[in-house]
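The primary structure of each chain is shown beneath.
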Amino acid sequence: MKLSFKNVTCQFGTQRALDDVSLDLENDEKVLVLIGPSGGGKSTFLRVLGGLLTPTSGTVSVAGSILTPQGLLNHRRANGFVFQSFNLFPHLTARENVALPLEKVHGLTPDESATKALASLARFGLADHAEKLPAQLSGGQQQRVGIARAVAPGPGLLILDEPTSALDPEMSAEVLDAVQALAAEGQQVILSTHSMGFARAAADRVLYLAKGKIIQAAPPKEVFDTDPSPEVSKFLERVMRY
Amino acid sequence: MKTLFTIILCLAAAFTHAASPLRIGTEPEYPPFEFVDENGELDGVSIQMAEALAASLGRPLEIETIKFDALILALKSGKIDCIISSMTANDERRKSISFSDPYVTTGLAMLVGKDSTIQSLEDLKKPGTRIVAKLGTTGELFARKALPEATITALPQDPACALEVAQGKADAWIYDQLSIFHHHKQHPKTTKALLSPLKAEQWAIGLRKGDEELRTQVNAFLQEFRAEGGFSKLGERYLSEEKQLMESAGIPFIFDGEIKPQTPPSEVAQEKTSGTLFAVLSLFGVGIGITALVKLSAAPGWRKSLPRNLLVAAIIVAALSGACTFILNSLNEGYTWNWAGIWARRAFILEGWLLTIGISLAALILCLVIGIALVVAGRSGIPPLAATARAYSELVRGTPLLVVLLVGYYVIGNAVGLDSKVWVGILLLGLFAGAYLAEVLRGGVESISSTQFEAARAVGFDRFQTYRYVIVPQVVRRVLPAVAGLFIMLVKDSSLLSVIGTAEFTKQTDIARAATFTGLEGYLPLAVGYLLITLPLAWIAKKLEARFTYES
């Protein structure tokens, strides 16, 4: 994964969601996991990375190319984004949710789009639910449709913003299984999560973000076991207590 | 015992008779005959006459102010006892009511443009001559009879008629001498008054048919009042300028005309009321029945317990028809129905109905275009454009449609040289409704969560695609009920175009109603006619709503 943040700051009013963040990743990591307290800047980091948000200052480059305001649309088209609250289009069926961007954005014919959408849904165990509206699906199913929609065009980078926070543990497991399967197939994945177990098991590298700054960026073994920074230790102690 | 009872009965009768007020109807929009003075009090020749009449009959006076073309309806339905409102006694009106002896002799005159070549009635007979008249007046009746080749527009208000001539939108306004004289004084630079009478007219007090007792009393009063010099005094007090003017022009003053003895009221064949009542009732019955059945068949549990539901439906329909029968029956006692006049004008009314459909459709399309344009401008992110769109919406929504129409037609329409009452009507209606639609649509767009916009961007949609595929389909579903309501309102609001004289449904029905001096016979078809347009609209909206549902 080739990823670089240079002095990136994101300011909302008086609040700094990202505070002069710099980061360089040039390794062969496949899965990057963001952890840290709520309001620490994880969502903002992912939105900047996904091209949904332009930082107040600083530059971001992904896979060697620098993000510019003019290039954001193409950047978004090249990568996939999955939201905490699913954000499916409620007036479209699961199949249409996946097929519509394929047809209108990626230039496939309606037939090709439908076939590809059904294949993508089947891959996440949703073959029987393709013709249902989002309101007729469970939370876990909706999130898997969200992932199918993001993955179907073959994105360079799959970005997931707390994809399991709105789900109960069983449905969370469904979704995280799907993510892990994707990573196993070679998909580059960046996600933020409160599931430390998943971070430890699946991440190639863990990023700890708090108060808009990256406190620690290291392989999971280092962050969780051998050498957590003092702040990370305190955080882990709090979240692991119960 | 029996004599005592009789005495009490007589006393009671005498007492109630003495105490029952004399209810006189007038439209106080015709100075100096009947008007409201600067203190808000009724005044004028007719008001003074009314007071003298009530005093001579020894009854307390109650004056009801009623629109001129509704006066006859009020009299027929028993709301008032007589009309003193500068009303010309003519044969058309005699079909509906009876009249006292006349008290004023006047004539129809013309208001024409300053430089007009029109001199006499003959000049008006050319095809294409544009005549205005006040709705329901003898001027209108005369124009329709005497000038079949001319284009005749009937407007509900005097000043509008005068403006039509002053602005050159009409060639002549036919109305009584005094009005023409006064309106000419309002527009001295643009108009000319031709006062020599086109047709002599006599004003009389309107009375309910069959109320011969009051008729005799009123005639006796008029004779006495004239003998006492009452009319001369009123002439001096209210009409001295006019009196001078008319006498110098060699036209006899209005109170001094030859008073012809009143011919006994000619009996015009009246329709039997029972047949009419039956027709009205069946209309209501059928209407309610159809509506109820449509609603019922849409209910999910309808078929499960058919007999019970049918029974309940029958009871409801019966109760409603019963109520209608009761209401109409109580009305029927003092009301003579005259459907023949309206029926004879059915093609004329149908033309208006079709025009209403056309105007509504065109205005609806314009309203959509304007509403969408306003929303796009409002959300364009270009501050001056957005502010203008918002200001437009707020200004228009804060103004009554009536004012928009009058100002739009007589001021703006005149300034840009747009004369067609139909196109001005469509334009103004569309512009007006567009402002409302914009607010409905804006509310719809803003009710869509911002996460939908973000999701659409995330899958790679550009701005247009975001609206086209994600936002608009959701907005349509959400605003459909409100938009359907708005469209129905637009259809009904198109009736207001009658004030500028567009020949739409309400206007045509008004003309037919005024020409036949009928009341409810005009209003009932009006209600049915609008329902025939609005009910299908509501039905289509329901179908569309069902089609666009996506929330379980």
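Residues numbered from 1 in each chain as written. Chains lettered and ligands numbered in written order. Predicted model: local features only at pLDDT ≥ 70, side-chain atom pairs only at ≥ 80, totals over all residues. Heavy atoms only, no water.

Asks: I tried to follow the overall build of chain B on my own but got confused; where do I start?
Replies: For chain B, the count of helices and strands is 21 helices and eleven strands. The proportion of buried residues among the 552 residues of chain B is 48%. By sequence separation, contacts in chain B at least 24 residues apart represent 76% of the contacts at least 6 residues apart. Surface exposure of chain B reaches about 26800 Å², of which carbon and sulfur atoms provide 65%. (Helix = DSSP H or I, 4+ residues; strand = E, 2+ residues; numbered from the N terminus. Buried < 20%, exposed > 50% of the residue type's maximum accessible area, 1.4 Å probe, protein only. Contact = heavy atoms within 4.5 Å. Areas by Shrake-Rupley, 256 points an atom, 1.4 Å probe, with all protein chains shown as cover.)

Asks: Help me understand the packing of helix H16 (residues 401-416) of chain B against helix H17 (residues 421-447) of chain B, please; the structure alone is not making it clear to me.
Replies: Residue and element names in this part refer to chain B. Two elements in contact, H16 and H17, have axes whose closest approach is 10 Å; the angle formed by their N-to-C orientations is 135°. Overall, the two elements H16 and H17 adopt an arrangement that is oblique. In terms of crossing hand, the pair formed by H16 and H17 is right-handed. When H16 is examined against H17, the residues Leu-401, Val-404, Leu-405, Gly-408 and Tyr-409 are found in contact with a partner set consisting of Lys-421, Val-424, Leu-428, Leu-429 and Phe-432. The residue makeup of the contact of H16 with H17, split by class, is eight nonpolar, one polar and one charged. (Axes fitted to C-alpha atoms, helices over the stretch in contact; angles between N-to-C directions. Parallel < 35°, antiparallel > 145°, perpendicular 65-115°, else oblique. Left-handed = near helix turned anticlockwise from the far one by under 90°. Nonpolar A, V, L, I, M, F, W, Y, C, P; charged D, E, K, R; others polar.)

Asks: In this structure, what is going on with H16(B)? I would like to understand it.
Replies: Residues that lie three or four places apart on an α-helix share one face, since the helix turns once every 3.6 residues. Residues and elements named next belong to chain B. Of all the bends found along H16, the most pronounced is centred on Gly-408 and spans about 40°. Among the structural elements, strand S8 (151-155), helix H7 (158-166), H17 and helix H19 (463-493) are those in contact with the buried residues of H16. Phi for Gly-417, located one or two positions after H16, is positive at around 75°. (Bend = angle between axes of the 7 residues up to and from the residue.)

Asks: Is there a simple way to explain the interface of chain B and chain A in this structure?
Replies: Many authors give the size of an interface as the accessible area that is lost as the parts come together. Between chain B and chain A, the contact holds 18 residues from the first and 22 residues from the second. For the chain B and chain A pair, buried surface summed over both sides reaches about 1900 Å², with 60% attributable to carbon and sulfur atoms. Across the contact surface, chain B and chain A share one salt bridge. A:Arg47 is the salt-bridge partner of B:Glu454, the closest N and O atoms lying 2.7 Å from each other. One can count ten residue pairs in polar contact (both at pLDDT 80 or more) joining chain B with chain A. It is helix H18 (residues 450-458) of chain B that provides the largest number of residues to the side of chain B that touches chain A, a total of seven residues. Residue classes in the side of chain B that touches chain A are distributed as nine nonpolar, six polar and three charged. (Buried area = accessible area lost by both parts, 1.4 Å probe. Salt bridge = Lys/Arg side-chain N within 4 Å of Asp/Glu carboxyl O. Polar contact = N/O pair within 3.5 Å; in protein donor to acceptor, adjacent residues only side chain to side chain.)

Asks: In this structure, what is going on with the packing of H17(B) against H19(B)? I would like to understand it.
Replies: The description of two packed helices rests on the angle between their axes and on the distance between the axes. Residue and element names in this part refer to chain B. Axis separation between H17 and H19 bottoms out at 8 Å; the angle between their running directions is 145°. In the crossing of H17 with H19, the sense of the turn from one axis to the other is right-handed. On H19, the residues touching Leu-429, Phe-432, Ala-433, Tyr-436, Leu-437, Val-440, Leu-441, Gly-444, Val-445 and Ser-447 of H17 are Tyr-467, Ile-471, Val-475, Arg-478, Val-479, Ala-482, Val-483, Leu-486, Leu-490 and Asp-493.

Asks: Any chance you could explain the sheet that holds strand S10 (residues 213-218) of chain A here in plain terms?
Replies: Note: strands within a sheet are paired through backbone hydrogen bonds, in either parallel or antiparallel orientation. All names here are of chain A. The mixed open sheet is built from six strands, whose spatial order is S6-S7-S8-S3-S9-S10. Looking at strand neighbours, the two that pair on one side only are strand S6 (80-82) and S10, the edges of this open sheet. In this sheet, neighbouring strand axes are inclined to one another by 15° on average, regardless of whether the strands run parallel or antiparallel. Here strand S9 (residues 205-210) runs beside S10; their pairing, made up of five bridges, is antiparallel. Paired with Leu-209 across the strands is Ile-214, a residue of S10. In the packing of helix H9 (residues 230-240) onto the sheet, contacts are made with strand S3 (31-35), S9 and S10, and the angle to S9 comes to roughly 90°. (Pairing = 2+ DSSP bridges.)

Asks: For this particular structure, what's the right way to read the nonpolar core?
Replies: Side chains that are nonpolar tend, in soluble globular proteins, to be buried together. Core analysis: the biggest nonpolar cluster contains 123 residues, and A:Phe45, A:Leu49 and B:Met49 have the highest contact counts within it. Take this core: its biggest share by element is eleven residues, from H17(B). In this structure A:Phe45 touches A:Phe5, A:Leu18, A:Val21, A:Leu23, A:Leu34, A:Leu207, A:Leu209 and A:Ile214, once residues within four positions along its chain are discounted. Membership of the second largest hydrophobic core comes to 48 residues, among which are A:Leu160, A:Ala199, A:Phe235 and A:Leu236. (Core = buried A, V, L, I, M, F, W, Y, C linked by side-chain atoms within 4.5 Å.)

Asks: I tried to follow the sheet that holds strand S4 (residues 57-62) of chain A on my own but got confused; where do I start?
Replies: Residues and elements named next belong to chain A. Strand order in the open sheet made by the four strands is S2-S1-S4-S5, with antiparallel pairing throughout. The sheet is open, and its two borders are formed by strand S2 (15-25) and strand S5 (65-66), each paired with just one other strand. Strand direction decides the pairing type here: S4 and S5, joined by two bridges, are antiparallel. Bridged to Ser-61 within S5 is Ile-66.

Asks: Whenever I open this one, the packing of aromatic side chains confuses me. Can you help?
Replies: We describe a pair of aromatic rings using the distance from one ring centre to the other and the angle between the two ring planes. Under the counting rule described, the total for this entry stands at 18 aromatic pairs over all chains. Pairing A:Phe81 with A:Phe83 gives two aromatic rings, centres 5.0 Å apart and planes at 40°, and the pair type is tilted. Over the ring of A:Phe89 we find A:Arg149; its NZ or CZ atom is 4.6 Å from the centre of that ring. The cationic tip of B:Lys169 hangs over the ring face of B:Tyr409; the distance from NZ or CZ to the ring centre is 4.3 Å. (Phe/Tyr/Trp six-rings, centres within 6.5 Å; stacked < 30°, edge-to-face > 60°. Lys NZ or Arg CZ within 6 Å of the ring centre and 35° of its normal.)

Asks: How do you make sense of empty space enclosed by the protein when you look at a structure like this?
Replies: The probe, sized like a water molecule, is rolled over the atoms to show the empty space still left. All names here are of chain B. Taken as a whole and assessed by the stated rule, the structure comprises three cavities of 30 Å³ or more. Its boundaries defined by the atoms lining it, the largest cavity holds a volume of some 180 Å³. What lines the largest cavity is a set of 17 residues, and nearest its centre among them are Phe-68, Ser-86, Thr-137, Tyr-175 and Asp-176. At the level of elements, strand S9 (172-176) and strand S11 (200-207) are the ones that each hand at least two residues to the lining of the largest cavity. (1 Å grid on protein atoms, 1.4 Å probe; cavity = no way out; pocket = protein on both sides within 12 Å on 5 of 7 lines; lining within 4 Å. Points joined across faces, edges and corners; volume = space filled by probe spheres on them.)

Asks: Quick question: what am I supposed to make of the pattern of salt bridges here?
Replies: Side chains that differ in sign of charge can pair as their charged atoms come close. Residues and elements named next belong to chain B. Summed over the entire model, instances satisfying the criterion amount to 28 salt bridges over all chains. Notably, a salt bridge pairs Glu-92 with Lys-95, separated by 3.6 Å at the nearest N-O pair. Overall, the relative accessible area of 18% leaves Glu-92 in the buried class. Since its relative accessible area comes to 33%, Lys-95 is described here as partly exposed. A salt bridge links Arg-144 to Glu-140; the nearest nitrogen and oxygen atoms lie 2.8 Å apart. You can see Arg-144 and its partner Glu-140 sitting in helix H6 (residues 138-146), four residues apart, about one turn around the helix. Within the structure, one salt-bridge network assembled from shared partners comprises Arg-23, Arg-59, Asp-81 and Arg-208.

Purely spatial values, then, with no claim about function.
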